[in-house]
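# Analysis of the macromolecular model
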Amino acid sequence: MGGIISTQYLSSPDPVVVHPDLAKDLTQFGITDFSGLVPAQLFSFESLFTLRGLIMMVGGGFLVGFGTRYAGGCTSGHAIMGLSDLQWPSLVATICFMIGGFLMTNLILPYILAL
Amino acid sequence: MMKTKQEETDFEVRSLDSMCVNESELVHPWWYNFKYAVVGVIFGIVFIKAEIISWFRIQEMFKLQSFHMYGVIGTAVIVGAISVFIIKKLKVKTIHGEEITFTNKKFNKGQIYGGLIFGLGWAITGACPGPLFAQLGSGALAIIVVIASAIAGTWVYGKFREQLPH
């Protein structure tokens, strides 16, 4: 609901500015539409029927759901609230979130995007 | 008559399960839950306006191309830490006058394995669980597939929990 309200009534007409290096990288993989909050060329019902879209939407979603429960929390539960409460297990979890993210974006995602 | 929730839930299992262990003893009429909806709506608006749910911002974060997400999360942690400090110091009560308690998190290997798995998924979808719903609300309807898959993921975890290292 918050998403609908802000998109319908609170959005600014300016496009989201994407870092030029990121834009250049993504263009190589055919992603040229930077207008939405999520790239429409990757996350759409049409792309669901491509291998790339299938891996990213179904595979990515699965990892998020599975990992969040396995870790016992997500960005808000561990990184924000856990760190606020000085819980060291949350720091471990947060560091692992970041390691996973860096690995994916920099090492694995280029191969998925190239599919 | 006051009914306690304590008797119907198992604390050990719940503490593994979620980030917030609700120890409230009060039982409210269902419409009291609307206050959570209000907070949720505000949360969703903030997600969009702060571009936290932007797939591009998440990629920039993991490519160290922008400070944006680090700033947002860092600020949230600072505000959170101050809030936690004040709540503990002044023994702030909930709106129904109950004490707010903090449960220490117990370390288990799930935080490492699960954390890594979540990180991989975070970088692919550009969203953690909450933002997925905000992405859907922002008009990316296909995100419903990602949400369904994430829910399937939590279900599979529940199914195989006993076999996983913790």
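Everything here concerns the structure above.
Here the structure is a predicted model, which is why all the values come from computation and not from measurement. All chains use their own residue numbering, which begins from 1 and follows the written sequence. Chain letters start at A and ligand numbers start at 1, both assigned in the order the entries are written. Totals for whole chains, interfaces and linings use all residues, but because this is a predicted model, local features are given only for residues with pLDDT of at least 70 and pairs of side-chain atoms are given and counted only at 80 or more.

### A closer look at the overall build of chain B
The way it works is that DSSP assigns letters per residue, a run of H or I at least four long becomes a helix, a run of E at least two long becomes a strand, and they are numbered from the N terminus. The secondary structure content of chain B amounts to seven helices and zero strands. When the helices and strands of chain B are listed from N to C terminus, the series reads α-α-α-α-α-α-α. For every residue, the other C-beta atoms within 10 Å of its own C-beta are counted; 20 or more classify it as buried, 12 or fewer as exposed, and values in between as partly exposed. C-beta atoms are placed from the backbone. Burial status across chain B gives 31% buried among its 166 residues. In chain B, the proportion of contacts linking residues at least 24 apart, taken out of those at least 6 apart, comes to 46%. Contact definition: two residues whose C-beta atoms, as placed from backbone geometry, lie within 7 Å.

### With respect to the interface of chain A and chain B
Taken together, the contact between chain A and chain B spans 69 residues of the former and 75 residues of the latter. Counting only elements with at least two residues in the side of chain A that touches chain B, the list comes to helix 1 (2–9), helix 2 (20–28), helix 3 (51–71), helix 4 (75–84) and helix 5 (88–113) of chain A. Of the residues that constitute the side of chain A that touches chain B, the class distribution is 39 nonpolar, 27 polar and three charged. All amino acids are sorted into three groups, where Ala, Val, Leu, Ile, Met, Phe, Trp, Tyr, Cys and Pro are nonpolar, Asp, Glu, Lys and Arg are charged, and the leftover types, Gly among them, are polar.

### Looking at the packing of helix 3 (residues 55–62) of chain B against helix 4 (residues 68–90) of chain B
How two helices sit against one another is set out by the angle between their axes and by the gap between those axes. Residues and elements named next belong to chain B. Two numbers describe how helix 3 lies on helix 4: the axes approach to 8 Å, and their chain directions differ by 95 degrees. Taken together, the axes of helix 3 and helix 4 lie roughly perpendicular to each other. Taken together, the residues of helix 4 that come into contact with helix 3 (itself represented by Arg 57, Ile 58, Glu 60 and Met 61) are His 68, Met 69 and Tyr 70. The residue inventory of the contact of helix 3 with helix 4, partitioned by class, reads four nonpolar, one polar and two charged. To get an axis, a line is fitted to the C-alpha atoms, and for a helix only the part in contact is used. The angle between two axes follows their N-to-C directions and goes from 0 to 180 degrees. Each angle receives one of four descriptions, namely roughly parallel if under 35 degrees, roughly antiparallel if over 145, roughly perpendicular if within 65 to 115, and oblique otherwise.

### Observations concerning helix 7 (residues 143–160) of chain B
The terminal C-alpha atoms of helix 7 of chain B, which comprises 18 residues, lie 26 Å apart, in line with the 26 Å expected from a rise of 1.5 Å per residue. At its buried positions, helix 7 of chain B is contacted by helix 3 of chain A together with helix 5 (110–125) and helix 6 (129–137) of chain B. Expected span of a helix, by definition, is 1.5 Å for each gap between consecutive residues, and there is one gap fewer than residues.

### Remarks on the nonpolar core
To define a nonpolar core, we join buried Ala, Val, Leu, Ile, Met, Phe, Trp, Tyr and Cys residues through C-beta atoms within 7 Å and take the resulting set. The biggest cluster of nonpolar side chains holds 54 residues, and the ones touching the most others in it are A:Leu63, B:Phe118, B:Ala123, B:Leu132 and B:Ile143. Elements that contribute at least two residues to this core include exactly helix 3, helix 4 and helix 5 of chain A together with helix 2 (34–49), helix 3, helix 5, helix 6 and helix 7 of chain B. Considering each element in turn, this core owes the most residues, eight residues, to helix 3 of chain A. Excluding residues that lie within four positions of it along the chain, A:Leu63 makes contacts with B:Ile117, B:Phe118, B:Leu120, B:Gly121, B:Ile124 and B:Gly153.

These values are about where atoms sit, not about what they do.
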